[in-house]
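# Structural overview for review
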Amino acid sequence: MSIERHYFPGNNTPEGFFSYYRYIMGQREANKIICIKGGPGTGKSTFMKKVGDRLVDQDEDVDFLHCSSDENSLDGIIIKRKNIAIVDGTSPHVIDPITPGAVDNIINFGQYWDEAKLAGNKDDIISYNEECSKWYRLAYSYLAAAKCMYSNLEKLYNDSVEISEIYKLSADIIAKEYRNLDISLKPGSMKRFFASAITSNGNVNYIKTLLQDMKKVYLINVPVGYANSSFMNIIAEGAIYRGFDVEAYYCPMSPSDKIEHIIIPEIKTAFTTVNKWHDLEPWEIFYVEEESDQNIILIDICDYTNNYFMEKNNSIIVNLTKYMDILIDEAVKCLGRAKENHDIVEKMYIKHMNFEKIDQLVEDLISNL
């Protein structure tokens with residue numbers, strides 16, 4: 001039975017569009033990386049979805065990489081057992097071949113459009129693209145303002161936590177999960193992605209698809225804004241130092257430094273943060289009930305906080321959370337306006353594309369793979 005997973009390689013964040021595309025597949029691990037070039041509405045996402053779905057039907061494990069601006073659109077797929085990636089190489093995540101021919105190949109969808117007719121829409125395309133960029137700038141400004149609220153929440157939660165208890169908890173878990181494993185002479189590696197994204201439809205997450213193959217899942221209940229980076233970093237480093245590869249999924253509000261979820265594929269163990277942005281109940285995780293070795297461990301980080309401090313600062317926490325949510329909602333509205341303009345540009349391209357040739361390209365690629 002094939003495993004189909006979904007996540008985001010990039011995100012809308014307080015820092016603007018934030019990309020982890022370089023972690024999709026390394027040059028040495030890849031048998032092939034196919035980079036698709038072309039404008040909006042040229043069929044890149046549909047092409048990748050058709051290829052991915054066909055391969056899933058053939059029992060291949062496929063990762064579907066979603067676009068943070070439109071979660072219904074794809075930015076790439078990874079064919080796991082074949083070590084092949086197909087990625088959208090156009091703005092805002094421009095990807096160019098690193099080892100052309102030997103690893104990287106380019107498919108240019110520009111060869112399937114009617115250039116003369118598109119040129120007739122030049123002024124409209126430029127205007128709508130400029131309008132789209134304006135709304136993205138506003139969205140990122142709102143997210144930057146929301147990050148100020150978020151950072152203050154982090155500071156309050158950090159001041160309330162019994163950090164020595166968190167370190168003890170981390171040490172106990174490492175002793176339990178890695179008890180018979182020595183430090184490796186060859187450390188593992190870490191790949192970085194996002195399990196959730198701030199999209200034009202609000203917060204969207206695919207965490208359940210990442211947990212379906214796990215045997216053990218730690219569900220870590222934390223409030224939004226809680227700085228659990230120390231705990232997650234220790235768990236990830238413990239696995240890497242013992243030679244395991246780790247997948248780390250980051251928080252869109254702190255995309256460069258806050259891990260929300262950790263997957264350790266080799267030992268089929270996951271650590272996932274649970275809060276209102278990615279709510280998850282234990283019974284939603286495991287799909288194969290008859291497997292008796294599946295295990296869920298519940299951890300409530302609130303058990304390691306100073307209750308008096310939290311009660312004293314409760315009104316501040318409530319207000320910071322409220323204004324953070326308002327600002328994020330405004331950012332989502334702006335992302336919606338950006339998508340409206342992007343969709344208009346897509347329609348201009350769709351009218352002037354030869355999709356029959358692209359459909360044939362799907363068949364040719366499947367045959368070659």
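For the structure itself, consult the block above.
These lines cover the structure that appears in this document, whether it is placed above or below. (Residues numbered from 1 in each chain as written. Predicted model: local features only at pLDDT ≥ 70, side-chain atom pairs only at ≥ 80, totals over all residues. Heavy atoms only, no water.)

## Re helix H1 (residues 44-57)
Our working rule: Secondary structure elements follow DSSP: runs of H or I of four or more residues count as helices, runs of E of two or more count as strands, with numbering from the N terminus. The span one expects for a helix is its residue count, reduced by one, times 1.5 Å. Burial here depends on accessible area, computed with a 1.4 Å probe over protein chains only, as a share of the maximum for the residue type. Under 20% is buried, over 50% is exposed, and the range in between is partly exposed. Directions from the helix axis toward the C-beta atoms define the arc.
Over its 14 residues, H1 extends 20 Å from the first C-alpha to the last, a length consistent with the 20 Å expected when each residue adds 1.5 Å. For H1, the complete set of buried residues consists of Lys 44, Ser 45, Phe 47, Met 48, Val 51, Gly 52, Leu 55 and Val 56. Burial along H1 is one-sided: seen end-on, the buried residues are contained in an arc of 165°. Positive phi appears at Asp 59, one or two residues downstream of H1, with a value of about 70°.

## A look at the packing of H1 against helix H9 (residues 355-368)
For clarity, the cut-off: To get an axis, a line is fitted to the C-alpha atoms, and for a helix only the part in contact is used. The angle between two axes follows their N-to-C directions and goes from 0 to 180 degrees. We call a crossing left-handed when the near helix sits turned anticlockwise from the far one by less than a right angle, and right-handed when that turn is clockwise. Any two residues whose heavy atoms approach within 4.5 Å are treated as being in contact. Gly is put with the polar residues, along with every residue not named as nonpolar or charged; the nonpolar set is Ala, Val, Leu, Ile, Met, Phe, Trp, Tyr, Cys and Pro, and the charged set is Asp, Glu, Lys and Arg.
Packing of H1 against H9 brings their axes to within 10 Å, and their N-to-C directions diverge by 35°. H1 and H9 meet at a crossing whose hand is right-handed. Counting all contacts with H1, which are made through Phe 47, Lys 50, Val 51, Arg 54 and Leu 55, the residues of H9 involved are Ile 358, Asp 359, Leu 361, Val 362, Glu 363, Leu 365 and Ile 366. For the contact of H1 with H9, a count of residues per class yields 8 nonpolar, no polar and 4 charged.

## Topic: the sheet that holds strand E13 (residues 246-251)
Keep this limit in mind: Paired strands, as defined in this entry, are two strands with at least two bridges between them according to DSSP.
Spatially, 6 strands are ordered E9-E13-E14-E15-E12-E16 in an open sheet, and the strand pairing comes out mixed. Of all the strands in the sheet, just strand E9 (190-193) and strand E16 (295-300) have a single pairing partner and so form its edges. Between one strand axis and the next, the sheet turns through 30° on average, direction left out of account. Contacts from helix H4 (residues 163-177) reach strand E12 (216-221), strand E15 (269-274) and E16, with the element oriented near 175° to E12. Sheet strands in contact with helix H6 (residues 229-241) are E9, E12, E13, strand E14 (254-264) and E15, and its direction is about 50° off that of E14.

## Re the sheet that holds strand E5 (residues 62-66)
Spatially, E1-E5-E6-E7-E4-E8 is the arrangement adopted by the 6 strands of the open sheet, whose pairing is mixed. Edge positions in the open sheet fall to strand E1 (4-7) and strand E8 (104-108), since each of these has one partner strand only. With strand direction ignored, the average angle separating the axes of adjacent strands in the sheet is 15°. Here 5 bridges tie strand E4 (residues 32-37) to strand E7 (residues 84-88), and the two strands are oriented parallel to one another. In the sheet register, Cys 35 faces E7, and the bridge partner there is Val 87. Strands E1, E4, E5, strand E6 (74-79), E7 and E8 of the sheet are contacted by H1, whose axis makes an angle of about 25° with E6.

So, to be careful, I would describe these as geometric facts and stop short of saying anything about function.
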